[in-house]
There are 2 protein chains.
Amino acid sequence: MANQTTPAKTAITPRRDEDFPEWYQQVIRAAEMAEPSDVRGCMVIRPWGYGIWENMQHQLDAMFRATGHRNAYFPLFIPLSYMAKEAAHVEGFAKECAVVTHSRLEVDAEGKLVPASPLTEPLVIRPTSETIIGASYAKWVQSYRDLPILINQWCNVVRWEMRPRIFLRTTEFLWQEGHTVHETEEEARAETKQMLDVYETFVRDHLAIPVFSGEKSESERFPGAVQTLCLEAMVQDRKAIQAGTSHFLGQNFARASGIQFHSRAGTQEFGWTTSWGMSTRLIGTVIMAHADDDGLVLPPRIAPTHVVILPITPKEETRAQVLAAADKLAGELRALNFFGAPIEVEVDRRDLGGGLKNWEWIKKGVPLRVELGPRDLESGNVAVSRRDQPVKAKELVPMAELAGRAVALLESIQENLLARAKQLRDKHTRVIDSKEEFYRFFTPENSAKPEIHGGFALAHWNGTGEVEEQIKKDLKVTIRCIPFDDSQNPPEPGVCPFSGQPSARRVVWAKSY
Amino acid sequence: MANQTTPAKTAITPRRDEDFPEWYQQVIRAAEMAEPSDVRGCMVIRPWGYGIWENMQHQLDAMFRATGHRNAYFPLFIPLSYMAKEAAHVEGFAKECAVVTHSRLEVDAEGKLVPASPLTEPLVIRPTSETIIGASYAKWVQSYRDLPILINQWCNVVRWEMRPRIFLRTTEFLWQEGHTVHETEEEARAETKQMLDVYETFVRDHLAIPVFSGEKSESERFPGAVQTLCLEAMVQDRKAIQAGTSHFLGQNFARASGIQFHSRAGTQEFGWTTSWGMSTRLIGTVIMAHADDDGLVLPPRIAPTHVVILPITPKEETRAQVLAAADKLAGELRALNFFGAPIEVEVDRRDLGGGLKNWEWIKKGVPLRVELGPRDLESGNVAVSRRDQPVKAKELVPMAELAGRAVALLESIQENLLARAKQLRDKHTRVIDSKEEFYRFFTPENSAKPEIHGGFALAHWNGTGEVEEQIKKDLKVTIRCIPFDDSQNPPEPGVCPFSGQPSARRVVWAKSY
C-alpha cells in the first residue's frame, strides 16, 4: 500500500526550524487532535485532543474543589442590556460578540431558508459571564452570611475571531470561569492570588511548563478589572503564551450588577468580586512547548493513553501467542496507579505493519511505546521507547520487570519534559539594560523567520503606557507581566533604558501569541 | 430570628396532591437546585443541581466508554445551509432555532448598543448536531476500515421554547449526544438498541426509576430518523416523561452529509448512522419520580452529598468535643467506598439551630442525616434518619457501628426508591380493552386537577396515525412507546378498541410531559 513506505527522517513536514506556524498545524493534524470546521473560526476537537482536555479538566477541577469551589451552570445568552452595564467591559468585548436576533427559521417566497421571528432584545452569546452571573449573584447575596460565593463554570464561550488559529485563538472555545464574591477587598485579593497559584501549580506539575507569574500592566488588563494576574509560558519559538489569568474586579461588577449585602456593621455594601479562567488554548501551549519534529509529545499526566503496546505478528503461527502476551502485559499495567488513576494502556492489534503503527503513536505523543514480537517471547524482553527520547532509541526491558518500572518511567518523562522546558526558557531569557541590546534581542536576523529572535527580556520600565506603546509599535513586543515581589523575584530598583527614568523593578517583555 | 420558627407539617407548599406543577417548582427552589434566569426560557443550574448532573454525567460516561465510545467536541454553530440538507430534519427543528446574524456590537447614533457586522450566512445554534457532525464524518470516512465511528459529545443545545418549564423544557439545556457510523444496517440497528439498553440500566440502577422501553410510532419519531427507540418513565402525577432516546437514522443523514465509504466489495456505499441522547431533563424526572411533600429525595448514587452530619452544640463547653466527634465520624465515612467512589460527607457546623439545619438538608434530599449532640457523646449513639422514611423517624445507632453500616444503608435507600417507583407505576398501569374504559381512565374527576387521572394504559392499536390523532385530540393522550417483543412483553395479538381492527400487540398510552 502506498502509505506504508518508511516515513521521512522526521514525521512532521516542515520541521520547527523551517516554519514554526505550519509545523504547529501539521503536528495537530498528524496527531488527529483537532481540525478547523467549515464554520469560520470554529474547530472540531477530535477524541485524541478532547481526551487531553478531559484530563486537564478532571485534574484542575479537583484543585478547585479542594479550595472550596463548586461547579454550576449559567445561561449561554446575555441580554444586550446586561453587556452594557459595565462600560469598560462592553467596550472590550463589543468587537467580538456573536449576536442572536431571531428565534425561528422559515422558507421565504423564493424557497430559501431564512431567519424569522425577530427577538425584542437581541442576545449576545457569552464571551465571558461576569454580567450574566452577576445578575444571579445579586439575587443570592443579601447578607454577609451569604458570602463568600465560590463558584466555577465549565462551558463554551464565543469571541468572534478575525484571524483564528486552532486551539490558540478560535471563535468558539471551551474553558472554565470561576466567579467569586467576597465580603472584603482583602479576601477578594487573596482569592485572586490563590487561584493564580492553583493555575501555576497545574501548569508546572501537570503540563510540565514553567511560567513567569505576575500582574498585567494597565493596557493588558481584562476589560473592567482592577487588577489582572497572569501566567506567561515560553514556547519553542521563544514567544510567550498566556496560560491562565485571575482578575481582581474590585466593586466594579458588583456595582454594575447590584451585588449588595448587609454588612456586619449594619451598612449596605457592594461585594468584592473576582474571576479567573483557563481554556483549550492551553492545549495549543502544550503542543508548542513540548512537541518535536516527529509530532506531539505529551506530559504523561495529561496523556489519554500512557502506554501503547505494539504486538508484532509477522507469522500466523505465533500471532495468538504474541497477542496473548500483549494482553497479559496490558492487564498488569492497567492494575497500576499513576497519579491517582489507573495507567491507560492501548494494545494496537491492527494489521498495519509495525513501522506504520509505531509512527502513528509517535505522532500522537504517547509517553511509552512497547514493542513485543515472537523473538521477544523467546528472549523474555520487550523493547521500550520513551517519547521524550529520540524515536529510534529503545531499551530492552525484561517483560516481568516492566510493570514494576512503568510508573517510574512515566514520572521520569514528566520531570524530564519540565526540565527541558525550563532549560529552553532560561537559555532564552536575558537581563537587558540598554535600549540597543533590547532592540537587537527582538529583531529577527532573517525576516522570513520572525520566530527566531531573542526570547524573554527582563528589563526595567518607567511604568508608563507611552513606553509600552512605542515598543509595541517598533518591535511587536509587550510587557507580559510585572513579576510579584517575592524571594524568587526580589524588587531591584533601576533605570528604564527607554526613558532614562527610575524603575521599581524589572518586568518581563516578549513577543506573544 | 424570624425564619427559625418550626416549619409547617410539610416543608413544601403546596403539597403534591394540592397542585403538582407548583409543588415541582417549589421543590426545586427549596433545594436550591436551579432557578429561571432573566433570559426567557433559560435556567441557572445552582451547585446542588449541577452536582447531581455531574454525577449523572460521570456514571453514564463510564458506560459509554465501556461500550467503546470516546468523547469529542463539535461547533456550537450550524450554517443555515447544513440545516437545510435533510428535509424532515429542518422541518422538525425550524420553529425552535436561535439564529446568529451579527458578529459585533456598536453604539448607534442615539447612543444605543445595537448588533453590527451582519454575517454572510446566518448561523443556527445547534438544536442537535447531526448535520454539523455529519460534515466532519464525511471527511473522516473513506473506507470500511474507518468504521465504525463511535463518538459522544457533552454540550449545551438550544431549542426555542414557548412554554418553558425548569429542567423539563428549557430553551438552553445540557445533554450528551452520541453519533455513530457503521458499515451495515444490522450493526447500526444493534448500536441503536445497545445504547437504549445502556440508558435503561442507568435510569433503573442509578436513578431508581423503572421504565417502559420500546419504539416510537411514526408521529413521535425524531425528525429524519427511520426508527426512534425510547424509555418512558411514570412520575407521581401518573404522566409519562421520556427518559432518553436512541435513533436509527438509516442512510438519511449519510446521504444528506455525504458520508460514503469504499466497501469490502469494492463499491461506494453510504454509511448507516445512529444518534442517541439524554439531557438535564432527567433531573426533572428524578424530582417528579422521588421527591415528596418535604422536598427533594435523591437516589444515593447521584446525590452530591450522601451523609450530612448535624452537630448539635447548645452549650459552649461541649461544642469543641461535639465538633471533634463529628469530624472523626466524617473521616471514617469518607474512607468508605460507595459505588466506586468515596462517600461524600458534609459536616454542617453553622450556628443556625438544629431544626433549621435539619430541614435544609431534608429539602435538599440528602440520603442520610446524622444528629450528634452532647448527650450522644455520653450514650455513644447517634440519631440516623433516612430520607426515604418519614422525616421524624430516627434510628439510634452506636457511633462505632455507623461506618460499618453506612454503605448498606445507602444501598437500601437506593433499592427502596426503585421499589417504590415500581409500585407506583404498576399500581397505575392498567390493561384496557374497551374504548369507554380507556376514555374514563384518562378523564380527571376534578377538572381543576388534570394530573389526577388513570396513568398508563396498555391497549391495542391498529397501527394508524388516524387513531393516534383522534385520541390525542380527545384526551391529550399519546402512544408513549410500542414495547419490543421479548419475554417480558410477549406480543399478544388482539383487537384495537378504537377501530375494531386487528392489532399485533398492546402499546403504552399516557399523557406526557
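This structure is a prediction, so every number in the text was calculated from the model and none was measured. (Residues numbered from 1 in each chain as written. Chains lettered and ligands numbered in written order. Predicted model: local features only at pLDDT ≥ 70, side-chain atom pairs only at ≥ 80, totals over all residues. Heavy atoms only, no water.)

*Asks:* I would appreciate a short explanation of the overall build of chain A in the present structure.
*Replies:* When helices and strands are tallied, chain A shows 14 helices and 27 strands. The globule rule puts the C-alpha radius of gyration for 513 residues at 24 Å, and the 26 Å found for chain A is close to it. Taken over the C-alpha atoms alone, chain A extends approximately 85 × 65 × 60 Å along its principal axes. Evaluated residue by residue, chain A yields a buried proportion of 57% over its 513 residues. Put simply, of all contacts in chain A between residues at least 6 apart along the chain, 70% involve residues at least 24 apart. (Helix = DSSP H or I, 4+ residues; strand = E, 2+ residues; numbered from the N terminus. Rg over C-alpha atoms; globule rule 2.2 N^0.38 Å. Buried < 20%, exposed > 50% of the residue type's maximum accessible area, 1.4 Å probe, protein only. Contact = heavy atoms within 4.5 Å.)

*Asks:* Any chance you could explain the interface of chain A and chain B here in plain terms?
*Replies:* Where interface size is quoted, it is often the accessible area lost as the parts come together. In this complex, chain A contributes 63 residues to the contact, which on the side of chain B involves 62 residues. Both faces combined, the contact of chain A with chain B buries some 5,100 Å², and carbon together with sulfur accounts for 65% of it. Counting every contact that joins chain A to chain B gives two salt bridges. A:Asp38 is paired through a salt bridge with B:Lys139; the nearest N and O atoms lie 3.5 Å apart. (Buried area = accessible area lost by both parts, 1.4 Å probe. Salt bridge = Lys/Arg side-chain N within 4 Å of Asp/Glu carboxyl O.)

*Asks:* Looking at this structure, I do not really get the relation of the copies chain A and chain B. What am I missing?
*Replies:* Its rotation angle being 180°, the transformation that places chain A on chain B also includes 0.0 Å of axial translation and leaves an RMSD of 0.0 Å. Within this description, the copies of the chain are treated as partners about a two-fold rotation axis. Ranked by how close their C-alpha atoms come to the rotation axis, the residues of chain A are headed by A:Val100, at 2.1 Å. Looking at chain A, 98% of its interface residues are interface residues in chain B too, so the copies touch through the same face. (Least-squares fit on C-alpha atoms with pLDDT ≥ 70 in both.)

*Asks:* Mind showing me how you'd approach the packing of aromatic side chains here?
*Replies:* For any pair of aromatic rings, the description rests on two quantities: the centre-to-centre distance and the angle between the ring planes. The tally for this structure, following the rule as stated, stands at 41 aromatic pairs over all chains. Ring geometry for A:Phe438 against A:Tyr439: centres 6.3 Å apart, planes inclined by 55°, an arrangement best described as tilted. Residues B:Phe20 and B:Trp23 carry aromatic rings whose centres are separated by 4.9 Å and whose planes lie at 40° to one another, so their mutual orientation is tilted. Taken together, the residues B:Phe20 and B:Trp23, both in helix α1 (residues 20-30) and three residues apart, mark about one turn of the helix. An identical accessibility class is assigned to B:Phe20 and B:Trp23; each is buried. An aromatic cluster of three or more residues is present, and its members are A:Phe438, A:Tyr439, A:Phe441, A:Phe442, A:Phe498 and A:Trp509. Over the aromatic face of A:Phe212 sits the side chain of A:Arg425, whose NZ or CZ is 4.6 Å from the ring centroid. (Phe/Tyr/Trp six-rings, centres within 6.5 Å; stacked < 30°, edge-to-face > 60°. Lys NZ or Arg CZ within 6 Å of the ring centre and 35° of its normal.)

*Asks:* I'm lost on the nonpolar core in this one. Help?
*Replies:* Among soluble globular proteins, nonpolar side chains are generally buried collectively. Residues A:Phe77, A:Ile125, B:Phe77 and B:Ile125 are the most contacted members of the largest nonpolar core, which totals 88 residues. Element by element, the count of residues in this core is highest for helix α5 (residues 130-140) of chain A, at six residues. In this structure A:Phe77 touches A:Val100, A:Leu123, A:Val124, A:Ile125, A:Ile132, B:Val39, B:Cys42, B:Ala98, B:Ile125, B:Val158, B:Trp160 and B:Thr171, once residues within four positions along its chain are discounted. (Core = buried A, V, L, I, M, F, W, Y, C linked by side-chain atoms within 4.5 Å.)

*Asks:* I'm lost on the domain arrangement of chain A in this one. Help?
*Replies:* Residue and element names in this part refer to chain A. With domains assigned, chain A is organised as domain 1 (20-290), domain 2 (305-408) and domain 3 (429-510). Taken together, the contacts link six residues of domain 1 with six residues of domain 2. Where domain 1 abuts domain 2, roughly 530 Å² becomes buried across the two surfaces, and 63% of that area is made up of carbon and sulfur atoms. Put simply, Lys364 and Glu32 hold a salt bridge, and the shortest N to O gap is 3.8 Å. The tally of links from domain 1 across to domain 2 stands at two residue pairs in polar contact (both at pLDDT 80 or more). Of the residues assigned to the side of domain 1 that touches domain 2, the class counts are three nonpolar, two polar and one charged. (Domains from an automatic or database assignment. Polar contact = N/O pair within 3.5 Å; in protein donor to acceptor, adjacent residues only side chain to side chain. Nonpolar A, V, L, I, M, F, W, Y, C, P; charged D, E, K, R; others polar.)

*Asks:* Help me out: how do you make sense of the sheet that holds strand β5 (residues 99-107) of chain B in this one?
*Replies:* Where strands meet in a sheet, backbone hydrogen bonds hold them as pairs that are either parallel or antiparallel. Spatial strand order, β4(A)-β6(A)-β5(A)-β5(B)-β6(B)-β4(B): six strands in an open sheet with antiparallel pairing. Unpaired on one side and paired on the other, β4 (77-79) of chain A together with β4 (77-79) of chain B mark the two borders of the sheet. Taken over all neighbouring pairs, the strand axes of this sheet differ in orientation by 40° on average, direction set aside. Relative to strand β6 (residues 113-125) of chain A, strand β5 (residues 99-107) of chain A is paired through seven bridges, and the arrangement is antiparallel. Paired with A:Glu106 across the bridge in β6(A) is A:Val114. (Pairing = 2+ DSSP bridges. Axes fitted to C-alpha atoms, helices over the stretch in contact; angles between N-to-C directions.)

*Asks:* Got a minute to help me understand the packing of helix α2 (residues 47-66) of chain A against helix α6 (residues 185-205) of chain A in this structure?
*Replies:* A pair of packed helices is captured by two measures, namely the crossing angle of their axes and the spacing between those axes. Residues and elements named next belong to chain A. Viewed as axis vectors pointing N to C, α2 and α6 meet at an angle of 140°, and their least axial separation amounts to 11 Å. The element α2 and its partner α6 pack so that their crossing is right-handed. For the pair α2 and α6, contact is made by Met56, Gln59, Leu60, Met63 and Phe64 and by Met195, Val198, Tyr199, Thr201 and Phe202, respectively. Of the residues that constitute the contact of α2 with α6, the class distribution is eight nonpolar, two polar and no charged. (Left-handed = near helix turned anticlockwise from the far one by under 90°.)

*Asks:* How should the side chain of A:Thr245 be read in this particular structure?
*Replies:* Counting through the fold element by element, A:Thr245 comes out in strand β11 (residues 240-248). Setting aside its immediate chain neighbours within four residues, A:Thr245 contacts A:Tyr199, A:Thr228, A:Leu229, A:Cys230, A:Trp276 and A:Gly277.

*Asks:* What's the story with the sheet that holds strand β11 (residues 240-248) of chain B in this structure? I'm lost.
*Replies:* Residue and element names in this part refer to chain B. With mixed pairing, eleven strands are arranged side by side in an open sheet as β3-β7-β8-β14-β11-β10-β9-β24-β27-β23-β22. Edge positions in the open sheet fall to β3 (70-71) and β22 (429-431), since each of these has one partner strand only. Of the pairings in the sheet, the one linking strand β10 (residues 227-234) to β11 comprises seven bridges and is antiparallel in character. Bridging across to β11, Met234 finds its partner in Ala240. Running at roughly 150° to strand β7 (residues 149-158), helix α5 (residues 130-140) makes contact with β7, β8 (172-182) and β14 (272-279) of the sheet. Packed on one face of the sheet, helix α12 (residues 399-427) meets β9 (211-215), β10 and β22 and runs near 35° to β22.

*Asks:* Explain unusual backbone geometry here, please?
*Replies:* In most cases, non-glycine residues show a negative phi, while peptide bonds are predominantly trans. In this structure, the amide linkage connecting A:Thr13 to the following residue, A:Pro14, adopts the cis form with an omega of -5°. Among the structural elements, A:Pro14 can be located in the segment before α1 (20-30). Residue B:Pro148 is bonded to the preceding B:Leu147 through a cis peptide linkage, with omega at -5°. Here B:Pro148 is to be found in the loop between α5 and β7. Of note, A:Lys476 is a non-glycine position whose phi angle comes to about 60°, a positive value. With respect to the helices, strands and loops of the structure, A:Lys476 is situated in the loop between α14 (465-475) and β24 (478-483). Under the relative-accessibility criterion, A:Lys476 is labelled exposed at 69%.

*Asks:* It is not clear to me how the pattern of salt bridges should be interpreted in this structure. Could you clarify?
*Replies:* Pairing is possible between side chains of opposite charge, provided their charged atoms come close. One pass over the structure, following the stated rule, counts 60 salt bridges over all chains. Here A:Glu232 and A:Arg480 are joined by a salt bridge, their closest N and O atoms 3.2 Å apart. Placement of the pair is A:Glu232 in strand β10 (residues 227-234) and A:Arg480 in strand β24, with a sequence separation of 248 residues. Residues B:Arg425 and B:Asp426 are paired through a salt bridge, measuring 3.6 Å at the closest nitrogen-oxygen approach.

*Asks:* How should the pairing of strand β6 (residues 113-125) of chain B be read in this particular structure?
*Replies:* Regular strands place their side chains on alternate faces of the sheet. Both β4(B) and β6(B) contribute to a ladder of three bridges, which runs antiparallel. Bridging across to β6(B), B:Phe77 finds its partner in B:Ile125.

*Asks:* Teacher, can you tell me more about helix α8 (residues 281-290) of chain B here?
*Replies:* Along an α-helix, residues three or four positions apart point the same way, because every turn accommodates 3.6 residues. Of all ten residues making up α8(B), ten are buried, and the element is well covered by its neighbours. B:Arg281, B:Leu282, B:Ile283, B:Gly284, B:Thr285, B:Val286, B:Ile287, B:Met288, B:Ala289 and B:His290 are the residues of α8(B) that are buried.

*Asks:* For this particular structure, what's the right way to read α1(A)?
*Replies:* All names here are of chain A. Along α1, the residues classified as buried are Phe20, Trp23, Tyr24, Gln26, Val27 and Ile28. Tucked into the core, α1 has its buried residues touching β1 (34-36) and α8 (281-290). Taking the backbone nitrogen of Glu22 as reference, a side-chain oxygen 3.3 Å away marks Asp19 as the first, capping residue of α1. Positioned one or two residues after α1, Glu32 has a phi angle of 55°, which is positive.

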